[in-house]
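Each chain is listed here by its residues.
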Amino acid sequence: MASPNMSSSKTTAERELALQLADDRVNGGKRIYTLEVKLPEDELKTLKKLAEKQGLSLNGAIQRAIANEEYMRAEIEAGNQIIVEGRNGKSYRLTFKE
């Protein structure tokens, strides 16, 4: 799978996601697109840490994040709640940042 282009010489404090269609190769029956993703340095560090903890590539971590976001939003839109149980035994309702 294609990896996002993350040039080490380009770090920025501004929040920007630049999507650029580079190719439309077919892989396993699915179209695969190459994207250029621009992230602030702290978000890139977080992405790398999440990928490493899960044994994923950066591309895999982004794909998992998209799948998780889609799943949770679908549950909420269906009228369900997502509950997190803390170590202290208390339950908290998960809400989304808009």
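Residues numbered from 1 in each chain as written. Predicted model: local features only at pLDDT ≥ 70, side-chain atom pairs only at ≥ 80, totals over all residues. Heavy atoms only, no water.

(A) Seen up close, the overall build of the protein. When you go through the protein residue by residue, the secondary structure sums to two helices and four strands. Listed by position from the N terminus, the elements making up the protein come as β-β-α-α-β-β. When the 98 residues of the protein are sorted by exposure, 15% land in the buried category. Taking all contacts inside the protein whose residues are at least 6 apart in sequence as the whole, residues at least 24 apart take part in 38%. Total accessible area on the protein is roughly 8,200 Å²; 49% of this is exposed by carbon and sulfur atoms. (Helix = DSSP H or I, 4+ residues; strand = E, 2+ residues; numbered from the N terminus. Buried < 20%, exposed > 50% of the residue type's maximum accessible area, 1.4 Å probe, protein only. Contact = heavy atoms within 4.5 Å. Areas by Shrake-Rupley, 256 points an atom, 1.4 Å probe, with all protein chains shown as cover.)

(B) Up close: the confidence of the model for the protein. This prediction gives the protein a mean pLDDT of 77; 69% of its residues lie at or above 70. When pLDDT is averaged over each helix and strand of the protein, the minimum, 51, is found for strand β1 (residues 25-27) and the maximum, 96, for helix α1 (residues 41-54). Every residue in residues 1-25 scores below 50 in pLDDT, and together they form 54 contacts with partners more than four places removed in sequence or on other chains. (pLDDT = per-residue confidence, 0-100.)

(C) Quick peek at the pattern of salt bridges. Applying the stated rule across the entire model yields three salt bridges. One salt bridge connects Glu-69 with Arg-73, and the closest N-O pair in it is separated by 2.5 Å. On the criterion of helical spacing, the pair formed by Glu-69 and Arg-73 is a turn pair, its members being four residues apart in helix α2 (residues 58-77). The partly exposed category is assigned to Glu-69, whose relative accessible area is 32%. (Salt bridge = Lys/Arg side-chain N within 4 Å of Asp/Glu carboxyl O.)

(D) Fine view of the packing of α1 against α2. Two elements in contact, α1 and α2, have axes separated by 9 Å at closest approach and are oriented at 95°. One finds that α1 runs roughly perpendicular with respect to α2. Between α1 and α2, the contacting residues are Leu-47, Lys-48, Ala-51 and Gln-54 on the first element and Leu-58, Ala-61, Ile-62 and Arg-64 on the second. (Axes fitted to C-alpha atoms, helices over the stretch in contact; angles between N-to-C directions. Parallel < 35°, antiparallel > 145°, perpendicular 65-115°, else oblique.)

(E) Main features of α2. Look at α2: 28 Å from first C-alpha to last across 20 residues, which is about the 28 Å you get at 1.5 Å a residue. Of the residues making up α2, those classed as buried are Asn-59, Gly-60 and Ala-61. Buried residues belonging to α2 abut α1. After α2 finishes, the residue Gly-79 shows a positive phi value of roughly 95°. (Expected span 1.5 Å × (residues − 1).)

(F) Spotlight on α1. In a regular helix each residue adds 1.5 Å, so 14 residues correspond to 20 Å; α1 covers 20 Å between its end C-alpha atoms and thus fits that length. Buried-residue contacts for α1 involve α2. Just beyond α1, the residue with positive phi is Gly-55, at close to 70°.

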